[in-house]
Amino acid sequence: MPTGHPLDLGNLQGSHNSTILLVDDNPTNLQLLFGTLKGLGHKLLVAKSGEDALKVAQWAHPDLILLDILMSGMDGFETCAKLKENPQTSDIAVIFLSALDDTDDKIKGLTMGAVDYIAKPFQAEEVIARVETHLTISRLRTELAERNRQLEAANQPILDSVGDGIYGLDLDGLITFANPAAMRLTGYTQEALIGQSLHELHMYARWDGSPYHFIETGVYQTLKQGIAKQSDSDVFWRLSGDHFAVSWTCTPIKRGGDVQGAVLAFRDVTQRKRQEHALREALAEVETLRDRLQAENAYLQAEVKTEGRFDSIVGESPTLKAVLDQIDQVAPTNSSVLIIGESGTGKEAMARAIHDLSARRDRPLIKVNCGAITPTLIESELFGHEKGAFTGASKQRQGHFELADGGTIFLDEVGELPLDAQVKLLRVLQEHEISRLGSESAINVDVRVIAATNRDLVEMVENGNFRMDLFYRLNVFPLTVPPLRDRREDIPLLVAKFLADQARAQGRAFSRVTEDGMQLLMAYHWPGNIRELQNVIERAAILARDKIVPIAPHLVNSGITNTAELAHGNPAATPTNGDTFVPLAENEARYIRRVLDHTQWAIAGRGGAAEILGLPASTLRSRMKKLGIEKSA
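As a starting point, this report considers the structure included with it. (Residues numbered from 1 in each chain as written. Predicted model: local features only at pLDDT ≥ 70, side-chain atom pairs only at ≥ 80, totals over all residues. Heavy atoms only, no water.)

### A few points about the overall build of the protein
Logical step 1: Within the protein, the regular secondary structure consists of 26 helices and 20 strands.
Logical step 2: When the 633 residues of the protein are sorted by exposure, 44% land in the buried category.
Logical step 3: Considering only contacts within the protein whose residues lie at least 6 apart along the sequence, 65% involve residues at least 24 apart.
Logical step 4: Counting only carbon and sulfur atoms, one obtains 51% of the accessible surface of the protein, whose full area is about 32,200 Å². (Helix = DSSP H or I, 4+ residues; strand = E, 2+ residues; numbered from the N terminus. Buried < 20%, exposed > 50% of the residue type's maximum accessible area, 1.4 Å probe, protein only. Contact = heavy atoms within 4.5 Å. Areas by Shrake-Rupley, 256 points an atom, 1.4 Å probe, with all protein chains shown as cover.)

### Digging into the sheet that holds strand 9 (residues 229-237)
Logical step 1: Spatial strand order, 8-7-11-10-9: five strands in an open sheet with antiparallel pairing. Here the strands that pair on one side only, and so sit at the sheet edges, are strand 8 (175-178) and strand 9. Averaged over all adjacent pairs, the angle separating strand axes in this sheet is 30 degrees, with direction ignored. (Pairing = 2+ DSSP bridges. Axes fitted to C-alpha atoms, helices over the stretch in contact; angles between N-to-C directions.)

### Thoughts on the packing of helix 24 (residues 584-598) against helix 26 (residues 617-627)
Logical step 1: Relative to each other, helix 24 and helix 26 sit at 125 degrees, their axes nearing to 11 Å. On the basis of their axis angle, the class for helix 24 and helix 26 is oblique. Crossing angle aside, the handedness with which helix 24 passes helix 26 is left-handed. Contacts between helix 24 and helix 26 pair Ala585, Glu588, Ala589, Ile592, Arg593 and Leu596 from the former with Leu620, Arg623, Met624 and Leu627 from the latter.
Logical step 2: Taken together, the residues of the contact of helix 24 with helix 26 break down into seven nonpolar, no polar and three charged. (Parallel < 35°, antiparallel > 145°, perpendicular 65-115°, else oblique. Left-handed = near helix turned anticlockwise from the far one by under 90°. Nonpolar A, V, L, I, M, F, W, Y, C, P; charged D, E, K, R; others polar.)

### Quick word on the pattern of salt bridges
Logical step 1: On inspection of all chains with the given rule, the structure shows 26 salt bridges.
Logical step 2: The salt bridge involving Asp356 is made with Arg352; its shortest N-O contact spans 3.5 Å. With a gap of four residues between them, Asp356 and Arg352 both fall in helix 14 (residues 347-356), about one helical turn apart.
Logical step 3: Measuring nitrogen to oxygen at the nearest pair gives 2.8 Å for the salt bridge that ties Asp469 to Arg467.
Logical step 4: Among the residues examined, Arg467 registers a relative accessible area of 30% and is labelled partly exposed. (Salt bridge = Lys/Arg side-chain N within 4 Å of Asp/Glu carboxyl O.)

Below, the structure written as structure tokens:
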């Protein structure tokens, strides 16, 4: 292999389809890679250092880079980081090569933006297969981008003829200005818009009808953080009760550095979405290829996956809204949060919401189940270890706190930590530094701690099983997640979400559960909370033969005694003599009529039925229509 400056080896072979840059400071490895790939018809470039690789990538812009990690001078990680920082090279696909088959290195590489990782010594067939796969994906993505540009050009006359709607918003999200296009798109008059909440009028639900809490919207983030946001994945609800796909941009209005409000521009993109859907179907080959690659790297994706068990927080009950309001208050701070709740109530989803609404949202949320780690490995898992620190420690390992530096660590089941690990955790919270097992040097870390437990930590402190000083460090902002039996009004919403999830998972269409099935779900005490409800709906969907899903009585009978309801004399568990059970819808309709009679059938405005019930006026009207509630003549 020749030495010197980066070499262009494309003229050593025939016509080429793509350009590949091989980066390694070992001439033998370069020769081996070159020999493996030279017969594929691609143009091959070579660089023997990270510095040379950056120069070659700048002027040649290859389609793919095979990058060695362990190089003298600038190593592969630093080289990849500089490639991704440069707008001219950030889109180049990078595959890491390394003799260190370490999960932490793989996670680090993929986090930096690499698309794959090949361990040395490698098989020629594996290298060829992965290179061809990623080159195909790169080519198809380029074609898709060009098709999208053509689609945008074709749709421009449509978008221009419709016109953009424009709202002025104050800090509370109330509409202060609306142009004619906004009124035409939404069906509201100017009088009906001014002074009303954007969320309650247009963004209270997603396209499938599931609730959309205000703190989840990009508009809210613009008003609270002063950062411009845009989206083309939301829908706006019209006065008529239907919705349309919307593309919007929200720009903050600032004076002297303080946010005064925002300008929201939006347009109806329903037609464009339909055309994009048709285009995605035409490019099904891209999805098939991507799925195959994801299957090959499934073990890595399991390590770096950041979504919680529940991809959203579903519910409109007052108890849940109170928790979301608390999350809204504590999320922007760096304070420790202790989430308390029974098993299956969605504590991890709450932790995810806190992280996503914080300034640390661009850094990782590292999740640790303290109850799933053996006591002998807890210290190593949390704080890492040096090579040779104990039997089996064949290499240095970063702990979860190092991985979470700059972000958030979620300590689930924190009550399961042994006392010696509690001491070390307390030191991290006090000193903001850790020491790897087997090392005396300290490493500074900037980590926000969110802990969760289903145990009574106060009782554990009194019994000497949990340190009092650690309890007070974690309990800066306690957050109690209500059990499902205390928010039964959210059960229909959760059922709708889980049915939609099963429809996607099974490739079937489910509309709802049967009425008697919903009564069973509403009456059950749910000792396993949301997780148990999800499992029940999954089993029922598997057994269902039609779009309407029946709920068999045995599915909602876990055999676990409802001790909480018996202790409080809950009528659902212990009905009194003379009680008559009626369907939930009948009870709801009866109560709504009582409130309407009280307000003389005034629905919206101050003192109206919607305000008393704590619902958006549009939501109340929808429920009245569904329940057949009409004012008597």
